[in-house]
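Below are the chains, spelled out letter by letter.
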Amino acid sequence: GCQEIRQLDRAKKNLQHAIKTLKSLNMLIVGIEQQRELCMKKQYREAGELIRETGSLLGFFFPKDKSQDDYSDIEELRMLKDEWDHLCNQLRIQILEEFELVERGIVQVDLLREATHAVDAMGMSAVHEVKMQFASFVLRPYADIFEPGKPDGEFERASRRFSWLKRTLKDF
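Remember, it's a predicted structure, so these values are computed and weren't measured experimentally. (Residues numbered from 1 in each chain as written. Predicted model: local features only at pLDDT ≥ 70, side-chain atom pairs only at ≥ 80, totals over all residues. Heavy atoms only, no water.)

Would you mind showing me how to read the overall build of the chain here?
Across its full length, the chain carries 6 helices and 0 strands. Listed by position from the N terminus, the elements making up the chain come as α-α-α-α-α-α. The C-alpha atoms of the chain give 25 Å as radius of gyration, which overshoots the globular expectation for 172 residues (16 Å, by more than 25%). Each principal axis of the C-alpha distribution contributes one length, and for the chain these read about 95 × 30 × 25 Å. (Helix = DSSP H or I, 4+ residues; strand = E, 2+ residues; numbered from the N terminus. Rg over C-alpha atoms; globule rule 2.2 N^0.38 Å.)

Here it is in structure tokens:
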């Protein structure tokens, strides 16, 4: 009677959870493989979307809320997470190199625009790193021109500093 129905209900819930977990695992594995390919092909916009999706799947397996199931004791899942972390780090380095090409006069506007989507998907630390690198590149001439001891480096020439900065910011 009732006992058997409850037992079947519990079995059904367990089966549904197992199916959801297997589907999530399959999507995670496929997502990581696709992420690797997108990074090699420099398809940064798509890579950014995939980072968000696979990150969400990793959140299923490694939840911040400890009241949910946690799979962190499964070595294979930890290896997948480590691989995902490694791919994100490699992508971050690759994108920083793309921005370094701007310093050499090689500007690929569309590629950089797409790269910003991937950087955004990687989180605030990656965004900060790209911003700092780019700001350093833009302001490097300022340090040379207005270096203390040089004629334009004197306090009396502060208006030239602001004019230079205004012109430079208009370029970007």
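Any chance you could explain helix α5 (residues 124–145) here in plain terms?
Three or four residues apart is the spacing at which side chains of an α-helix point the same way, because the helix has 3.6 residues per turn. Spanning 22 residues, α5 covers 32 Å between terminal C-alpha atoms, matching the ideal 32 Å at 1.5 Å per step. Most pronounced at L139, the bend in α5 amounts to some 40°, and the proline P141 follows within four residues. A126, V127, V130, Q133, F137 and V138 are the residues of α5 that are buried. Its buried side turned inward, α5 meets α3 (75–103), α4 (109–122) and α6 (158–171). (Expected span 1.5 Å × (residues − 1). Bend = angle between axes of the 7 residues up to and from the residue. Buried < 20%, exposed > 50% of the residue type's maximum accessible area, 1.4 Å probe, protein only. Contact = heavy atoms within 4.5 Å.)

Teacher, can you tell me more about the pattern of salt bridges here?
A pair can form between side chains of opposite charge whenever their charged atoms are brought close. Enumeration according to the criterion identifies 8 salt bridges in this entry. Here E129 makes a salt bridge to R92, at a shortest N to O gap of 2.8 Å. Of the two residues, E129 is situated in helix α5 and R92 in helix α3; the sequence distance between them amounts to 37 residues. Connected via shared salt-bridge partners are E33, R36 and E83. (Salt bridge = Lys/Arg side-chain N within 4 Å of Asp/Glu carboxyl O.)

What am I meant to see in unusual backbone geometry here?
If you check the backbone angles, K42 has positive phi at about 60° while not being a glycine. Relative to the helices and strands, K42 resides in the loop between α1 (2–40) and α2 (44–61).

Can you help me understand the nonpolar core in this one?
The tendency in soluble globular proteins is for nonpolar side chains to be buried side by side. Grouped together as the largest cluster of nonpolar side chains are 36 residues, with contacts concentrated most on L91, I95 and M122. When residues of this core are traced back to their parent elements, those giving at least two are α1, α2, α3, α4 and α5. Top element by residues in this core is α3. It accounts for 10 residues. For I95, the contacting residues outside a window of four places in its chain are Y44, A115, A118, V119 and M122. (Core = buried A, V, L, I, M, F, W, Y, C linked by side-chain atoms within 4.5 Å.)

Would you mind showing me how to read α4 here?
Helix length check: α4, at 14 residues, gives a terminal C-alpha distance of 20 Å against a target of 20 Å (1.5 Å per residue), a fit within 8%. Within the span of α4, buried status applies to L111, L112, A115, A118, V119, A121 and M122. The arc that holds the buried residues of α4, viewed along the axis, is 165°, so those residues lie on one side. Close packing links the buried residues of α4 with α2, α3 and α5. Trailing α4 by a residue or two, G123 shows a phi angle of about 110°, which is positive. (Arc of directions from axis to C-beta.)

It is not clear to me how the packing of aromatic side chains should be interpreted in this structure. Could you clarify?
One pair of aromatic rings is described through two measures. These are the centre distance and the angle between the planes. Summed over the entire model, instances satisfying the criterion amount to 6 aromatic pairs. Through a chain of ring-to-ring contacts, three or more aromatic side chains come together here, namely F60, F61 and Y71. (Phe/Tyr/Trp six-rings, centres within 6.5 Å; stacked < 30°, edge-to-face > 60°.)

I keep staring at the packing of α3 against α4 and nothing clicks. Help me out?
A packed helix pair is summarised by two numbers, namely the angle formed by the two axes and the spacing between the axes. Where α3 meets α4, the axes come as close as 10 Å, and the angle between the chain directions of the two elements is 145°. The handedness of the crossing between α3 and α4 comes out as left-handed. Facing C88, L91, R92, I95, E98, F99 and V102 of α3, the residues of α4 in contact are L111, L112, A115, T116, A118, V119 and M122. (Axes fitted to C-alpha atoms, helices over the stretch in contact; angles between N-to-C directions. Left-handed = near helix turned anticlockwise from the far one by under 90°.)

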